[in-house]
Amino acid sequence: MLVSQAAERYTGPRRGRKVRASYLIGRVGVFFAVIWAAATINFAIPRLSPANPVREALLQAVSAGGVQTGSWEEVVKAYEARFGLDQPLWVQYLRYLGDLVRFDFGQSISMFPTRVIDMILIALPWTMVLLTVSTVFAFALGTVLGALMAWQKSPQWMRIFVAPVLTLSAVPYYLLGLILIYLLAFTARLFPIGGGFAIGTTPTLDASFLVEALRHSILPAVSILLAQMGGWALAMRGMMVTTQGEDYMTFGEMKGLKDWRLFLRYALRNAVLPQATSLALVLGHVASGALLVEVVFGYPGVGTLLYQAIRTFDYFVIYGVSFMVVVTLGLTTLFLDLLLPRLDPRITYRRS
Amino acid sequence: MSAAVESRLASAPTRRIALSRLAALRRGNRQLMVGLVVMLAIVLFGLLGPLVVDVKGARVGSAMPDQPPSVAYPLGTDSVGRQILPAIVAGTPLTLRIGLIAGTIGLGVGVAFGLIAGYFGGFWDTVLRGAADVFLTVPSLLVLVVIASTMRGAVDITTEALVVSALAWMSPTRTVRSQVLSMRERTYVHVSKLSGMSGVEIIVRELMPNLLPYLAASFVGAVATAILASIGLEALGLGPQNEPTLGMTIYWALYYTSVVRGLVWWWASPIAMIILIFFGLFLISAGLDEVANPRIRRAP
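These numbers come from a predicted model, not from an experiment. (Residues numbered from 1 in each chain as written. Chains lettered and ligands numbered in written order. Predicted model: local features only at pLDDT ≥ 70, side-chain atom pairs only at ≥ 80, totals over all residues.)

## Considerations on the overall build of chain B
- Check the secondary structure of chain B and you find 10 helices and 0 strands.
- Start at the N end of chain B and walk to the C end: the helices and strands fall as α-α-α-α-α-α-α-α-α-α.
- Burial statistics for chain B: of 300 residues in total, 49% are counted as buried.
- A separation of at least 24 residues holds for 72% of the contacts in chain B among residues at least 6 apart in sequence. (Helix = DSSP H or I, 4+ residues; strand = E, 2+ residues; numbered from the N terminus. Buried ≥ 20, exposed ≤ 12 C-beta atoms within 10 Å, placed from the backbone. Contact = placed C-beta atoms within 7 Å.)

## With respect to the interface of chain B and chain A
- On the chain A side, the residues contacting the 49 residues of chain B number 55 residues.
- If you list the elements that add at least two residues to the side of chain B that touches chain A, you get α3 (122-137), α4 (140-150), α6 (170-184), α8 (199-235) and α10 (264-292) of chain B.
- At 10 residues, the largest contribution of residues to the side of chain B that touches chain A is made by α10 of chain B.
- Looking at the side of chain B that touches chain A, its residues break down into 30 nonpolar, 13 polar and 6 charged. (Nonpolar A, V, L, I, M, F, W, Y, C, P; charged D, E, K, R; others polar.)

## Looking at the environment of L121 of chain A
- Tracing the sequence through the fold places L121 of chain A in helix α6 (residues 116-150).
- The spatial distance from the C-alpha of L121 of chain A to the C-alpha of L190 of chain A is 31 Å, given a sequence separation of 69 residues.

## Thoughts on the environment of Y299 of chain A
All names here are of chain A.
- With respect to the helices, strands and loops of the structure, Y299 is situated in the loop between α11 (259-297) and α12 (302-311).
- Along the sequence, Y299 and G256 sit 43 residues apart, while their C-alpha atoms lie 52 Å from each other.
- Filtering out sequence-adjacent residues up to four positions away, Y299 remains in contact with W126, L130, G196, P220, E294 and T304.

## Topic: α6 of chain A
- Taking 1.5 Å as the rise per residue, α6 of chain A with 35 residues should run 51 Å; its terminal C-alpha atoms sit 48 Å apart, in good agreement.
- Maximum bend of α6 of chain A: about 30 degrees, positioned at A123 of chain A, with proline P125 of chain A one to four residues after it. (Expected span 1.5 Å × (residues − 1). Bend = angle between axes of the 7 residues up to and from the residue.)

## Some thoughts on the packing of helix α2 (residues 84-120) of chain B against helix α5 (residues 157-165) of chain B
Residue and element names in this part refer to chain B.
- Two elements in contact, α2 and α5, have axes whose closest approach is 8 Å; the angle formed by their N-to-C orientations is 40 degrees. Between α2 and α5, the angle falls in the class oblique. Considering only the axes of α2 and α5, their crossing is right-handed. When α2 is examined against α5, the residues L94, R97, I98, I101, A102, I105 and G106 are found in contact with a partner set consisting of I157, T158, E160, A161, V164 and S165. (Axes fitted to C-alpha atoms, helices over the stretch in contact; angles between N-to-C directions. Parallel < 35°, antiparallel > 145°, perpendicular 65-115°, else oblique. Left-handed = near helix turned anticlockwise from the far one by under 90°.)

## Quick word on the confidence of the model for chain B
Residue and element names in this part refer to chain B.
- In this model, chain B carries a mean pLDDT of 83, and residues with pLDDT of at least 70 account for 87%.
- Confidence scores differ between elements of chain B, with helix α1 (residues 3-52) showing the lowest mean pLDDT of 69 and α2 the highest of 93.
- The low-confidence segment residues 1-16, where pLDDT is below 50, has 1 contact with residues more than four positions distant or belonging to other chains.
- Counting contacts from residues 296-300, a segment whose pLDDT is below 50, to residues more than four positions away or on other chains yields 15 contacts.
- Overall fold confidence (pTM) sits at 0.83, and the ipTM for the predicted complex is 0.80. (pLDDT = per-residue confidence, 0-100.)

## Here we look at the nonpolar core
- Formed by 176 residues in total, the largest nonpolar core has its most connected members in L306, I318 and V321 of chain A together with L144 and V145 of chain B.
- No other element matches the 19 residues that α11 of chain A contributes to this core.
- Every residue in contact with L144 of chain B, bar those within four places of it in the chain, is listed here: V163, V164, L167, A229 and L233 of chain B. (Core = buried A, V, L, I, M, F, W, Y, C linked by C-beta atoms within 7 Å.)

Listed below in structure tokens is the structure:
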């Protein structure tokens, strides 16, 4: 639950304001541990499996004529070289890590000889824009809504939001997406049914393309936003309730401050900071949900790329996508973890 | 001042707090009750449904394809001749079973890790809390995709539950650890320590009973996480291909583009059931949270 995570993150009054070197080193260490764990999982899983799935996928691709260009011997050669299966395990592992450091994930099986990293680099910006925009809006709207739901002087009708917000937070993002497609794209025909841009156009940076891309991304963004907003609102409500009981709130009221000032500067400002620190914690969860939203909408991001790779058993793409998403999210989390505590003078940089 | 007056003075605020606590408990219990009733209804639906509905109708080719709801097919049929109502009746217990197996394993591992990390501290705390933090930041769906896609085809209900449970232990670990940390320094633990109880004995006899409400909330959370992950995997086509779990029904509905073909009954029925499950679990966990966690009791 968001509430308890955020509460755990808040570690009470702190001492020094500067980022401690030990915290910095520890935090960067966690980042590398995450990357290393993801890399090792990708290395270990196919080798633990009794039949090497990559070899099987290759055999299947060859027998089904699924390899589009180039001869299958080339594919097999690339595969053998990639895995270096004649080498001892630790040599394979080190070579594999070396490849990852250079973002070399090999070549796609179904789109041979396209390099996996190129496919990911085309898809990743779509995902990042979609995810960033919807998360920022969900955070902002959810936080304000949650604060208003808890604020004692809010009009009574604010309370009616509690039930729908509660329900929305219980719905997986992509199922909400399906409902939105049906209601707003299929029935009402207000939005395109899927994809990232109009069929027959190629991605460029001119205005008409961007408008079209925006039109296509509204529904996926809204489904992520609506489903995510509930969680933020509920967490914020819990935080606001605690904040309103604080002495400085009574003091502010005694001073005769205006209600909106009490709300914004005293209650909201103090309650929002623990909320912000939990942003880094839930990002992985949000990304998981967002990838599935892409699949439902056929949005041209890494989620859809992953889905197609699963359908064609394109293992290099599967492993490459999962690794790149972990790296991207790890960097974002690192950035947030280093930046956000600077906003909250109450948070220590030492791990409790 | 007489002793009676003194005690009345002292007890007045205490009683007020006790009253407000009681009211909050009841409010927490109301959420808890509604959630339990919803989940009980779903379980009964899965248990009693097969007596009323013939679950053989969930098989491919058991009916005319693409039929809208009618008397013969109450929730319609899909594009390969599966009837939706039998698929939901048969699939709901399967999805719940995945959640229960994975949730139990996740909670078990989480409790073990959390107790060790919280009680013994030091090296084990660093390693276990570090591991939990690392795996919390990784988008769990992707790790599960890597595992499940490697197993291609060999996935059944139990294996899927095991795969999902691999990433259901982090939240319980964190919850238990932070609770144990706060309990470790309480007087009753010190007393037990002084009276010569061993570490394991203290964990089992002193800490565990106090952890129970948190464990209940963690368990519900772990089950919900596991179900969410399993449905996500299934929607990507990595679930048991021959079982009509709720997620697999959604996968086939997506695979045959049912949304843009206007076959509402096909995709809306499993979604409705999934939302109901999450709603029930959410209410239970919110209710338990309110009972276990005084910090949020004052919520309006």
